[in-house]
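# Examination of the molecular architecture
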Amino acid sequence: MITVAKAKHIILENTQDFGIEEIPFLQAIGRILKEDIVADRDFPPFNRVAMDGIAINHRFFEHGIRDFKIEGIQAAGNPQQTLVNAANCYEVMTGAVLPNNTDTVIRYEDVDVNTLVATITIDEIKEGQNIHRKGSDKSKGTILIKKNTIISAAEIGVLATVGKTTVKVAKQPKVMIVSTGDELVDVNENPLNHQIRKSNVYTLVSLLNNLKIPAETAHITDEKSILKEKIESYLKQYDVLLFSGAVSKGKFDFLPEVLDELGVQKLFHRVSQRPGKPFWFGVTDNCNVFAFPGNPVSTFVNCMVYFYPWYLTSAGLHSEEKTAILAENINFKPNLSCFMQVNLTSKNGQVYATPIQGNGSGDLASLVEADGFIELPKTEEIEFKKGSVFPILTYRSF
Ligand code: AMP
Ligand code: MG
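In every chain, residue numbers begin from 1 and rise along the written sequence. Written order decides the labels, with chains lettered from A and ligands numbered from 1. Local features in this predicted model are restricted to residues of pLDDT 70 or higher, and side-chain atom pairs are both shown and tallied only at a pLDDT of 80 or more, whereas totals for entire chains, interfaces and linings draw on every residue. To get the side-chain values, take all heavy atoms of the structure and skip hydrogens and water.

## Brief notes about the sheet that holds strand S5 (residues 67–74)
Strands are treated as partners if at least two bridges between them are detected by DSSP. Under the DSSP-based scheme used, a helix requires at least four consecutive residues in state H or I and a strand at least two consecutive residues in state E, with every element numbered from the N terminus. With respect to topology, six strands assemble into an open sheet ordered S7-S4-S6-S5-S9-S8, the strand pairing being mixed. The open sheet has two edge strands, strand S7 (104–107) and strand S8 (111–113), and neither has a second partner. Neighbour-to-neighbour, the strand axes of the sheet open up by a mean angle of 35°, direction not taken into account. Two strands pair when backbone bridges link them, and strand S4 (residues 53–56) and strand S6 (residues 89–92) are joined in this way by three bridges, in the antiparallel orientation. Residue pairing across strands places Ala55 opposite Tyr90, the latter belonging to S6. Every axis corresponds to a line fitted to the C-alpha atoms, with the helix fit spanning only the stretch in contact, and the corresponding angles, defined between N-to-C directions, vary from 0 to 180 degrees.

Here it is, written out as structure tokens:
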């Protein structure tokens, strides 16, 4: 049985390149940018008036002049106008171009304005004040957003302002999520006493949705011939297959042998971890197969531990490791890596992880009480000390 580190290593050696596609910029939220976004002009593109008020020549104020005849109004959206007599002023609005032949803006709060004349009521004015200088934020040609950035609302605004109606992003893989098991019925059905509703496909769909990866879903009963027939066609159609269930040691866990018979190259089966030990991973020329054990917590944690970094690395990103401080001593006896469910709280800039007492990997409801998992390494030690720092995986923003 291989270690978690070795399993991760094998998975990251088997990434895929899905290529690039160009999509409307507003649909790009959450996607991975695949081009540098460059300033198409100076930011701001002209000397921008930053306050509603008047624009003057500072030298007249310096010579003691306080009353300035108003020559006109420069509104936002109007072409630049020119102050004809340098001793006069222009009324100017935020977002307007600074009129030619002026150099300083005084806000209305510091001016008395009547229809013809503006009188400055304060004694101190800095030359050049209240002007957002052309190119002072960024000059034309500067890279504003680097390739491989995950696009957020901030990036959408910048894409809009530089006129990128469409944008190049990482193409998403074609994913099929398959649940297995004769005990499972649909969400809208009333299960009989010996049945349960399927939930894993929906958590997997949602975990992939966090990465903006759309996925199709299917369910196959525990019948070898049907499994084989369906998977054969999925292997041709999809870049990734995610399975939940049928990879353990049960009499009806046919998945490993079916995948083998279909020519999927097994890279490992079983990882020394809890939960999620029976995980099976393999590849064909065009498809990666992640077969997670069916217990809900196992499927959930393995998707985050293995599929997430596999996808991010495939798309050209590095997944960052987050850590937290153990808030309590933990005893964990088996010599396996442990992904323990925890609540995460932050205090004075530090993140603390408090273990949740779940009822094992079948305890689906415990996922709701937790915020994520803390990864305790495989070691001979039994006790993990309060105050030690370990990697975490979280499914909530906190
Ligand atoms: P298996 O890995 O197929 O042996 O399944 C292990 C446990 O997980 C069994 O109790 C299954 O009923 C449960 N299980 C498997 N698949 C699902 C699913 N899609 N949704 C909820 N529970 C599941
Ligand atoms: Mg099963």
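## Points about the site of ligand 1
Among the 16 residues in the neighbourhood of ligand 1, the closest are listed as Glu183, Ser199, Asn200, Ala246 and Gly294. In this structure, a nitrogen atom belonging to ligand 1 sits 3.0 Å away from a main-chain N or O atom of Ser199. Between ligand 1 and Ala246 there is a distance of 2.9 Å, counted from an oxygen atom to a backbone nitrogen or oxygen. For every accessible area listed, the method is Shrake-Rupley and the probe measures 1.4 Å; residues are considered covered only by the protein chains on display. Burial of ligand 1 by the surrounding chains reaches 79%, relative to a free accessible area of 480 Å². Residue polarity follows a fixed list, in which Ala, Val, Leu, Ile, Met, Phe, Trp, Tyr, Cys and Pro are nonpolar, Asp, Glu, Lys and Arg are charged, and the others, Gly among them, are polar. Along the lines of polarity and charge, the residues of the shell around ligand 1 split into four nonpolar, nine polar and three charged. In these notes, residues near a molecule or strand are those with any non-hydrogen atom within 4 Å of it. Polar contacts here mean pairs of N or O atoms no more than 3.5 Å apart (in protein, one a potential hydrogen donor and the other a potential acceptor; neighbouring residues in sequence count only if both atoms are side-chain atoms).

## Description of the sheet that holds strand S21 (residues 288–292)
If you walk across this open sheet you meet the six strands as S16-S13-S17-S21-S20-S18, and the pairing is mixed. Because the sheet does not close on itself, it has two edges, and the strands there are strand S16 (215–220) and strand S18 (265–269). Looking at each pair of strands side by side, their axes are set apart by 20° on average, direction ignored. Taken together, the four bridges between strand S20 (residues 280–283) and S21 define a ladder with antiparallel strand orientation. If you follow Trp280 over to S21, its bridge partner there is Ala291. Whether two residues are in contact is decided by their heavy atoms, any of which lying within 4.5 Å being enough. Sitting on the sheet, helix H1 (residues 4–12) touches S18, S20 and S21, and the angle it makes with S18 is about 155°. Against the sheet, helix H4 (residues 200–209) engages strand S13 (175–180), S16, strand S17 (240–244) and S21, with an angle of about 160° to S13.

## Remarks on the packing of aromatic side chains
Here the aromatic set is Phe, Tyr and Trp, taking the six-membered ring for Trp, and pairing holds for ring centres within 6.5 Å; pairs whose planes are under 30 degrees apart are stacked, those over 60 apart are edge-to-face, and all others are tilted. Overall, the coordinates contain 19 aromatic pairs when judged by the stated rule. The interplanar angle of 85° and the centroid separation of 5.7 Å between the aromatic rings of Phe384 and Phe390 together place this pair among those described as edge-to-face. A 1.4 Å probe rolled over the protein chains alone gives each residue an accessible area, and that area as a share of the maximum for its type sets the label: buried under 20%, exposed over 50%, partly exposed in between. Given the relative accessible area of 6%, Phe384 is considered buried. Connected via pairs of aromatic rings, a cluster forms that spans Phe18, Phe268, Phe279, Phe281, Phe290, Phe292, Tyr306, Phe307, Trp310 and Tyr311. Our definition puts a charge over a ring when NZ of Lys or CZ of Arg is within 6 Å of the ring centre and also within 35 degrees of the ring normal. The ring of Phe61 is capped by Arg66, whose NZ or CZ atom sits 3.7 Å from the centre of that ring. If you follow Lys174 out to its NZ or CZ, it ends over the ring of Tyr238, 5.0 Å from the centre.

## A short note on the nonpolar core
It is characteristic of soluble globular proteins that their nonpolar side chains tend to be buried jointly. In this description, a nonpolar core means a group of buried Ala, Val, Leu, Ile, Met, Phe, Trp, Tyr and Cys residues linked to one another through side-chain atoms lying within 4.5 Å. Residues Leu242, Phe279, Phe290, Tyr306, Phe307, Tyr311 and Phe373 are the most contacted members of the largest nonpolar core, which totals 44 residues. Among the secondary structure elements, those contributing two or more residues to this core are H1, S13, H4, S17, S20, S21 and helix H7 (296–314). When residues of this core are assigned to their parent elements, the largest contribution, 12 residues, is made by H7. These domain boundaries are the output of an automatic or database domain assignment. Split by domain, the residues of this core number at least three in each of domain 1 (2–17 + 171–313) and domain 4 (321–392). Sequence-distant contacts of Phe279, that is, excluding residues within four places in its chain, are made with Ile11, Phe268, His269, Arg270, Val271, Phe290, Ala291, Phe292, Pro293, Asn302 and Tyr306. Judged by nonpolar contacts, the second largest core, of 23 residues, contains Met176, Tyr234, Tyr238 and Leu259.

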